[in-house]
Amino acid sequence: MPARRGAGSRAFVAALLVAAALETIGGAAAQTTAALPAPPPKPAVVDARLGLHPDKTRFVLEVSDAVPFTVTLAANPYRIMVDLPELVWPGGGVAMEGKGLVARYRYGVTAPGTLRLTFETVGPAKLREAYTIPARDGRQPRLVLDIERVTPAEFQRLAAASPPAEAKRGAKGVVKTAAPFAPLPTVPPAQVVPAAVPAAPPVVSPPPAAPKAPSVVEKPLVVLDPGHGGADPGAVGVGGLHEKDITLAAAREAKRQLEATGRYRVRLTRDSDVFIRLRDRVAIAREANADLFISLHADSIGSGDMRGLSIYTLSDKASDREAEMLAAKENRADAIAGMDLSGENSLVASILIDLAQRDTMNHSKRFAKIALDHLGRDVKLIPSKPHRQAGFAVLTAPDVPSALIEMGYLSSKQDANLLTTATHREKLGRSLARTIDAYFKWLGGMARD
């Protein structure tokens, strides 16, 4: 399986940063040769962010070192509390605005050496999953908490079901896990090890040294984005067809066929009739470290004569505007996967972002060319310029190759009839799977060169 895209550029930037760090460390060592050893620094928070998903709210805490944690549920008001070792976290613990199921969150030192992170939720909620992603691709370890809504009855049942040996009941219905979640043992860079919630696993010591096993290569992650949804029906075609229904059915079929190959991990930005903001669709792909993002649509225009498939990638002008936004100071911490540019000056940050975007756009254009070569064998393409460029918001991820496929026109009776049939969706799914195979084969060949 090919290496992940961008590994070379990340390695180059990382080498520069390491060289600068060594120079700094060397200078500091020359000045403090006679000093006593300093105590080890506390782990520090690199970034904290909330992300919206169709069925949950995700909190990601990026830290300089993996840390253990315990989880507490509380009612009146509903909240989830996470106890961590004391961290260096600038900001003074002021309450921060939430999103999704989280109304707001804050942190503060509750005891010597302990920092408590408190999420005030908009109703009864639980942690669906809590796990650590080890350091990889130049990024620090990340603690991921997935929060999902539950009914008041389920909340009480979860609290009452905790056995005495594993949980302690305190005042006001508080249920606290007795043993902390342990830092994960060393794992291959691409592997993510989830931790069960709310029952805490036993502390696991790293296994003794053993002969090196072949490294685990993670399957590429493809994120499929069914356009529109919920209160946004998208285009309305002949017979009252809604674009949101067409795109969801097509995405589900493409996901089924891609997963059947056994070569890919596939994720949908939505798997039901829900509304997701455009920027949140991009955030889902970036947060998941997607290797490819494909948004599916079906347009409608005034004329019933226009029909056929087309594919869009990000235009140069839209790319330039996005680069300016990403280079803004408040966006730099998460501007490019694997690099925190918040400490860089504007010129350096802009250059690095521009390089990353150009690389991503080149990959996106290559995917579009491959897609038209394969899709054009099975479905009709629009007669003029089937590969187009535009400033669609869903194409603006600077580090994930992205394309938007207009599968046809719902204003065309022929296209509308095809897009509502399972046979045509299967044909589209097979052709898209062949396209993705060809893209990653090209990517693998490029990585070996």
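Residues numbered from 1 in each chain as written. Predicted model: local features only at pLDDT ≥ 70, side-chain atom pairs only at ≥ 80, totals over all residues. Heavy atoms only, no water.

S.K.: What exactly am I supposed to notice about the overall build of the protein chain here?
M.R.: Each helix and strand counted, the protein chain has eight helices and 18 strands in total. In the protein chain, which comprises 449 residues, the proportion classed as buried is 45%. (Helix = DSSP H or I, 4+ residues; strand = E, 2+ residues; numbered from the N terminus. Buried < 20%, exposed > 50% of the residue type's maximum accessible area, 1.4 Å probe, protein only.)

S.K.: When you look at the side chain of serine 310 in this model, what are you seeing that I'm missing?
M.R.: Positionally, serine 310 belongs in strand E16 (residues 310–314). Looking at serine 310, the relative accessible area reads 1%, which means it is buried. In this structure, serine 310 is in contact with Ile382, Pro386, Leu404, Ile405 and Glu406, ignoring residues within four places of it in sequence. (Contact = heavy atoms within 4.5 Å.)

S.K.: Just checking my understanding: could you explain the confidence of the model for the protein chain for this structure?
M.R.: Regions with low pLDDT carry predicted coordinates that are not meant to be interpreted in detail. When pLDDT is averaged along the protein chain, the result is 74, and 67% of the positions lie at 70 or above. Every residue in residues 208–216 is under pLDDT 50, and counting partners more than four places away or in other chains gives two contacts. Every residue in residues 322–345 scores below 50 in pLDDT, and together they form 57 contacts with partners more than four places removed in sequence or on other chains. (pLDDT = per-residue confidence, 0-100.)

S.K.: How should the side chain of serine 412 be read in this particular structure?
M.R.: By the element assignment, serine 412 lies in the loop between strand E18 (402–409) and helix H7 (413–419). Not counting residues up to four positions away in its chain, the partners in contact with serine 412 are Val238, Gly304, Met306 and Arg307.

S.K.: What is the right way to look at helix H4 (residues 278–287) in this model?
M.R.: What sets the pattern is the α-helix's 3.6 residues per turn: residues three or four places apart point alike. H4 sits mainly inside the fold: seven of its 10 residues count as buried. By the burial criterion, the buried members of H4 are Asp280, Arg281, Val282, Ile284, Ala285, Arg286 and Glu287.

S.K.: I keep staring at the environment of methionine 407 and nothing clicks. Help me out?
M.R.: Its place among the elements puts methionine 407 in strand E18. Its relative accessible area of 8% is what places methionine 407 among the buried residues. Along the backbone, methionine 407 and aspartate 299 are 108 residues apart, and their C-alpha atoms lie at a distance of 7.9 Å. In this structure methionine 407 touches Ile246, Thr247, Ala250, Leu296, His297, Ala298, Gly308, Leu309, Leu419 and Leu428, once residues within four positions along its chain are discounted.

S.K.: Can you help me understand the pattern of salt bridges in this one?
M.R.: Between side chains of opposite charge, a pair can form when the charged atoms approach closely. On inspection of all chains with the given rule, the structure shows 23 salt bridges. Here aspartate 271 makes a salt bridge to arginine 252, at a shortest N to O gap of 2.9 Å. Residue aspartate 271 is located in the loop between strand E14 (265–268) and H4, and its partner arginine 252 is located in helix H3 (residues 243–261); the two are separated by 19 residues in the primary sequence. A relative accessible area of 47% places aspartate 271 in the partly exposed class. When its relative accessible area of 41% is taken as the criterion, arginine 252 is described as partly exposed. With a closest N to O distance of 2.4 Å, arginine 434 and aspartate 378 form a salt bridge. Of this pair, arginine 434 sits in helix H8 (residues 422–448) while aspartate 378 is found in the loop between helix H6 (346–375) and strand E17 (387–390), placing the two residues 56 residues apart along the sequence. On the basis of relative accessibility, which here comes to 36%, the residue arginine 434 falls in the partly exposed class. (Salt bridge = Lys/Arg side-chain N within 4 Å of Asp/Glu carboxyl O.)

S.K.: I'm lost on the nonpolar core in this one. Help?
M.R.: Proteins that are soluble and globular tend to have nonpolar side chains buried together. Ile294, Phe367, Ile405 and Ile436 are the most contacted members of the largest nonpolar core, which totals 35 residues. Those elements that place two or more of their residues in this core are strand E13 (221–226), H3, E14, strand E15 (292–299), H6, E18 and H8. If you tally residues by element for this core, the top one is H8, at seven residues. Here isoleucine 436 is in contact with Val222, Leu258, Tyr264, Leu292, Ile294 and Phe367, once residues within four sequence places are set aside. Grouped together as the second largest cluster of nonpolar side chains are 30 residues, Phe59, Leu61, Val63 and Ala125 included. (Core = buried A, V, L, I, M, F, W, Y, C linked by side-chain atoms within 4.5 Å.)

S.K.: Explain the packing of aromatic side chains here, please?
M.R.: Two aromatic rings, taken as a pair, are described by how far apart their centres are and by the angle between their planes. Across all of its chains, the model carries 10 aromatic pairs by this definition. Measuring from ring centre to ring centre gives 4.9 Å for phenylalanine 59 and phenylalanine 119, while their planes differ by 75°; the resulting arrangement is edge-to-face. Placement of phenylalanine 59 in strand E2 (residues 56–63) and of phenylalanine 119 in strand E7 (residues 114–121) is noted, with a sequence separation of 60 residues between them. Take phenylalanine 59: its relative accessible area is 0%, and that puts it in the buried class. With a centroid separation of 5.2 Å and 75° between ring planes, the pair formed by tyrosine 78 and phenylalanine 155 is classed as edge-to-face. One end of the pair, tyrosine 78, is in the loop between strand E3 (70–74) and strand E4 (79–85); the other, phenylalanine 155, is in helix H2 (residues 152–161), and 77 residues separate them in sequence. Under the relative-accessibility criterion, tyrosine 78 is labelled partly exposed at 24%. (Phe/Tyr/Trp six-rings, centres within 6.5 Å; stacked < 30°, edge-to-face > 60°.)

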